[in-house]
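Coordinate analysis (summary)
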Amino acid sequence: MSALVVSPSEVWSDVYGAVHARFEGRAGGHAWLIAAAPETARATADALSALLAAEGQLIKGHLELLIHDHLTPLERTLSAQPFSGVVVIGAAVAAGPAVQVAQQMQEAESGLSYLEGGPFPAWQAALVLSGAGESGENAAASACAAQGVAVVVCPAQRLAEVLLLWAGGLPQGLAQLG
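Heads up: these notes are all about the structure in this document. (Residues numbered from 1 in each chain as written. Predicted model: local features only at pLDDT ≥ 70, side-chain atom pairs only at ≥ 80, totals over all residues. Heavy atoms only, no water.)

**Thoughts on the sheet that holds strand 3 (residues 26–36)**
Hydrogen bonds between backbone groups are what pair the strands of a sheet, and the pairing can be parallel or antiparallel. Spatially, six strands are ordered 1-2-4-3-5-10 in an open sheet, and the strand pairing comes out mixed. Each of the sheet's edge strands pairs with one partner strand only, and the pair in question is strand 1 (10–13) and strand 10 (151–154). Neighbour-to-neighbour, the strand axes of the sheet open up by a mean angle of 20°, direction not taken into account. Where helix 1 (residues 41–55) meets the sheet, it contacts strand 2 (19–24), strand 3, strand 4 (60–67) and strand 5 (85–89), and its direction lies at approximately 165° from that of strand 4. (Pairing = 2+ DSSP bridges. Helix = DSSP H or I, 4+ residues; strand = E, 2+ residues; numbered from the N terminus. Axes fitted to C-alpha atoms, helices over the stretch in contact; angles between N-to-C directions. Contact = heavy atoms within 4.5 Å.)

As structure tokens, then:
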């Protein structure tokens, strides 16, 4: 059996200035998105690398890491391809209320100007993690709910636990090894 390559197969920046990195697991149809703010990017990348080095051969499909400052890159990424689920890096909570994000103009380094904000719905976590708070506001999780995509919010240190538990609960989510 060959070892999984931990480095991403693709890295790119979108028109909004968000950074994407795609990591390949075993052949399979699942796609997982990990959404992190710039201040959690290093811890998230470290957690993802550790997962892929230790148990990445179990995950079927691919993982996409999205480092984003605003909600529009997340919304556009979610609308561009179907994801089995999204892990938003943040404080672990089981649900969140609807949020109103103040509308404001954003300008990306590419020169693109766009209006962002508006109402986003309440959300429920696809998995309830031990020790998670009952409820907490999370605009990224609400943006996932607005697009009908399953979401879990957890700190970077619990990323491996969440991905393995979540993938293990889906048909063909994990490879049968051994």
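Past the structure itself, the notes keep going.
**What to know about helix 3 (residues 139–146)**
Burial in helix 3 covers these residues: Ala 140, Ala 141, Ser 142, Ala 143 and Cys 144. Each element contacted by the buried residues of helix 3 is listed here: helix 2 (71–80), strand 5, strand 7 (99–107), strand 8 (113–120), strand 9 (123–124) and strand 10. In the segment just after helix 3, Gly 148 is the residue with positive phi, at about 75°. (Buried < 20%, exposed > 50% of the residue type's maximum accessible area, 1.4 Å probe, protein only.)

**Notes on the state of the cysteines**
Tallied over the full model, the rule gives zero disulfides. A disulfide-free cysteine, Cys 144 has its sulfur positioned 12 Å from the sulfur of Cys 154, the nearest such atom. Here Cys 154 falls in the buried class, since its relative accessible area comes to 0%. (Disulfide = S-S within 2.5 Å.)

**Quick look at the layout of surface pockets**
If you add up the space inside the largest pocket, you get close to 200 Å³. Contributing to the lining of the largest pocket are 15 residues, with Tyr 16, Gly 17, Ala 18, Asp 69 and His 70 lying nearest its centre. Broken down by class, the residue content of the lining of the largest pocket amounts to eight nonpolar, four polar and three charged. (1 Å grid on protein atoms, 1.4 Å probe; cavity = no way out; pocket = protein on both sides within 12 Å on 5 of 7 lines; lining within 4 Å. Points joined across faces, edges and corners; volume = space filled by probe spheres on them. Nonpolar A, V, L, I, M, F, W, Y, C, P; charged D, E, K, R; others polar.)

**Structural notes on the pairing of strand 3**
Summarising the sheet, strand 3 and strand 4 pair through seven bridges and their orientation is parallel. What sits directly across from Trp 32, in strand 4, is Leu 63. In this structure, strand 3 lies alongside strand 5, joined through four bridges in parallel fashion. From the neighbouring strand, Ala 35 faces strand 5, where its bridge partner is Val 88.

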